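Topology and contacts: notes
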Amino acid sequence: MYDFKSFDLIIDARSPREFDEDHIPGAVNLPVVDNAEFAEVGTLHRTNPLAAYQLGARYSLQNIARHIETHLSQYGNRSRILVYCFRGGKRSKVWQDVLETIGYRVERVKGGWKAYRRWVNEQLGIVPSRFHYIVVSGPTGCGKTRLLTALQDNGAQVLDLEDLATHRGSIIGAVPGKQQPTQKLFDSRLLERLSTFDSTRPVWVESESKKIGQVQLPDALLNTMRAGTTISIDAPMAQRVQLLREEYAHFEEDPGSLIERLRYLRSLVGGEEFERWESLASQKNVPELFERLMRHHYDPTYRRSILRNYPEIDASPKIMLDGLSMAQLDPVARELIARIEQVAVAVET
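The structure reproduced in this document is the subject of the present report. (Residues numbered from 1 in each chain as written. Predicted model: local features only at pLDDT ≥ 70, side-chain atom pairs only at ≥ 80, totals over all residues. Heavy atoms only, no water.)

Some points on the packing of aromatic side chains
- A complete count under the given rule lists nine aromatic pairs for this structure.
- Taking the centre distance of 6.0 Å and the plane angle of 85° together, the rings of Phe-131 and Phe-197 count as edge-to-face. Taken as a pair, Phe-131 in the loop between α5 (112–124) and β5 (133–137) and Phe-197 in the loop between α8 (183–194) and β7 (203–206) lie far apart in primary sequence, 66 residues in all. Each of the two residues, Phe-131 as well as Phe-197, counts as buried.
- Relative to Phe-251, the ring of Tyr-248 lies with its centre 6.0 Å away and its plane at 15°, an arrangement referred to as stacked.
- For Tyr-248, a relative accessible area of 7% translates into the label buried.
- Among the aromatic side chains, those forming a connected cluster through ring pairs are Phe-4, Tyr-116 and Trp-119.
- Seen from the ring of Tyr-302, Lys-144 lies directly overhead, with NZ or CZ sitting 5.4 Å from the centre.
- A cation over an aromatic ring shows up here: Arg-168 above the ring of Tyr-248, its NZ or CZ 4.8 Å from the ring centre. (Phe/Tyr/Trp six-rings, centres within 6.5 Å; stacked < 30°, edge-to-face > 60°. Helix = DSSP H or I, 4+ residues; strand = E, 2+ residues; numbered from the N terminus. Buried < 20%, exposed > 50% of the residue type's maximum accessible area, 1.4 Å probe, protein only. Lys NZ or Arg CZ within 6 Å of the ring centre and 35° of its normal.)

What follows is the structure, encoded as structure tokens:
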């Protein structure tokens, strides 16, 4: 596959619907036919292939002319351009022919997006195993994601899987106003992020389960994480409740929507406890609701999960965080980098 960063422009010639499902990182969607045109040409092709090709050619030339005017004018003739479509066929070829006629240096992905997708799957079975991971564990609300941010700000290599997945990794973890990427797009984002790391240095990551919302982590990543260096963090319950109030402010305004997300847990926690949650929500007593949710569901569930995936977790270094603001986490991050990374590298070598 190509070194994508070596190109000045990567053109995805597919329809916007195909682009949204997955695309090469950094690619720009300059479709030769839009969603409606793509469907129209495909429908016509079933009964009259020649007319369909004529219609597709007309749409393609009209759309490419517009893209040249609105987008290509900013690129000089020394620019390197990569173009691809679904299988590397007609849609990318028409782009390549036009651009080469103009004088651009153009390459076309052989096999198109389908070949790229096969390559991503192959790489995700190999690349995650090249790194040593420092796995940050701890109960809900203890600041794991914030600590990862502080670690990254201080120069550590950080793999923030929840950020890539656009999800906070629990039943209430959907990010308001944002959709999760498709599995294919998540895979592309993950591989791109891994490609930025130095394999001689450890990678910090949160102790995630197999699924983050609706996307799944590749087995090679999970298996290598579980063989990594673990640390356990925690924070006082008052601090954890405050963090949830900040991170999930939308539930503070509408606690009823939180109860709806939690409804399927009724059989797990029991009717009496769930009714207590409903009562607290109706009173808009969200701080106590968050605390009970952690004590009666998240903490015991997390404990079972972490012991199953990291049986030696109790032997890990333990850190109690006094505060969860970024200012308070910054010195913690610096100390961890100095202390834990050296141990991780020594273990790896």
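Comments concerning the sheet that holds strand β6 (residues 157–159)
- Here five strands make up an open sheet; going across it, the order is β6-β7-β5-β10-β11 and the pairing parallel. Looking at strand neighbours, the two that pair on one side only are β6 and β11 (318–320), the edges of this open sheet. Along the sheet, successive strands turn relative to each other by an average axial angle of 25°, direction set aside.
- Relative to β7, β6 runs parallel, the two being bridged by three bridges. Paired with Leu-159 across the bridge in β7 is Val-205. (Pairing = 2+ DSSP bridges. Axes fitted to C-alpha atoms, helices over the stretch in contact; angles between N-to-C directions.)

Things to note about helix α10 (residues 237–247)
- For α10, the complete set of buried residues consists of Met-237, Arg-240, Val-241, Leu-243 and Leu-244. For α10, the buried positions fall inside an angular range of 160° around the axis, keeping them on one side.
- Each element contacted by the buried residues of α10 is listed here: α6 (144–153), β10 (229–234), α11 (249–253) and α15 (286–309). (Arc of directions from axis to C-beta. Contact = heavy atoms within 4.5 Å.)

Re the sheet that holds strand β1 (residues 9–12)
- If you trace the four strands from one edge of the open sheet to the other, you get β2-β1-β3-β4, paired in parallel fashion. A strand with exactly one partner marks an edge of an open sheet, and here the two such strands are β2 (28–29) and β4 (105–108).
- Where helix α4 (residues 90–102) meets the sheet, its contacts fall on β1, β3 (80–84) and β4, and the angle it forms with β4 comes to roughly 165°.

Here we look at unusual backbone geometry
- Even without a glycine there, the phi angle at Thr-166 is positive, about 50°.
- In this structure Thr-166 comes out as buried when scored by relative accessible area, which is 15%.
- Look at Lys-284: it is not a glycine, yet its phi comes out positive at around 60°.
- Looking at the secondary structure, you find Lys-284 in the loop between α14 (271–282) and α15.

Observations regarding the nonpolar core
- Grouped together as the largest cluster of nonpolar side chains are 43 residues, with contacts concentrated most on Leu-147, Leu-151, Trp-204, Ile-233, Leu-262, Trp-277 and Leu-336.
- When residues of this core are traced back to their parent elements, those giving at least two are β5, α6, β10, α10, α12 (255–262), α14, α15 and α16 (326–348).
- Setting aside residues up to four positions removed in sequence, Leu-336 forms contacts with Leu-147, Leu-151, Trp-204, Ile-231, Ile-319 and Glu-341.
- If you look at the next biggest cluster of nonpolar residues, it comprises 38 residues, including Val-120, Tyr-133, Val-215 and Leu-222. (Core = buried A, V, L, I, M, F, W, Y, C linked by side-chain atoms within 4.5 Å.)

Digging into α6
- Within α6, the full set of buried residues consists of Lys-144, Arg-146, Leu-147, Leu-148, Ala-150 and Leu-151.
- Looking one or two residues beyond α6, the residue adopting positive phi is Gly-155, at roughly 100°.

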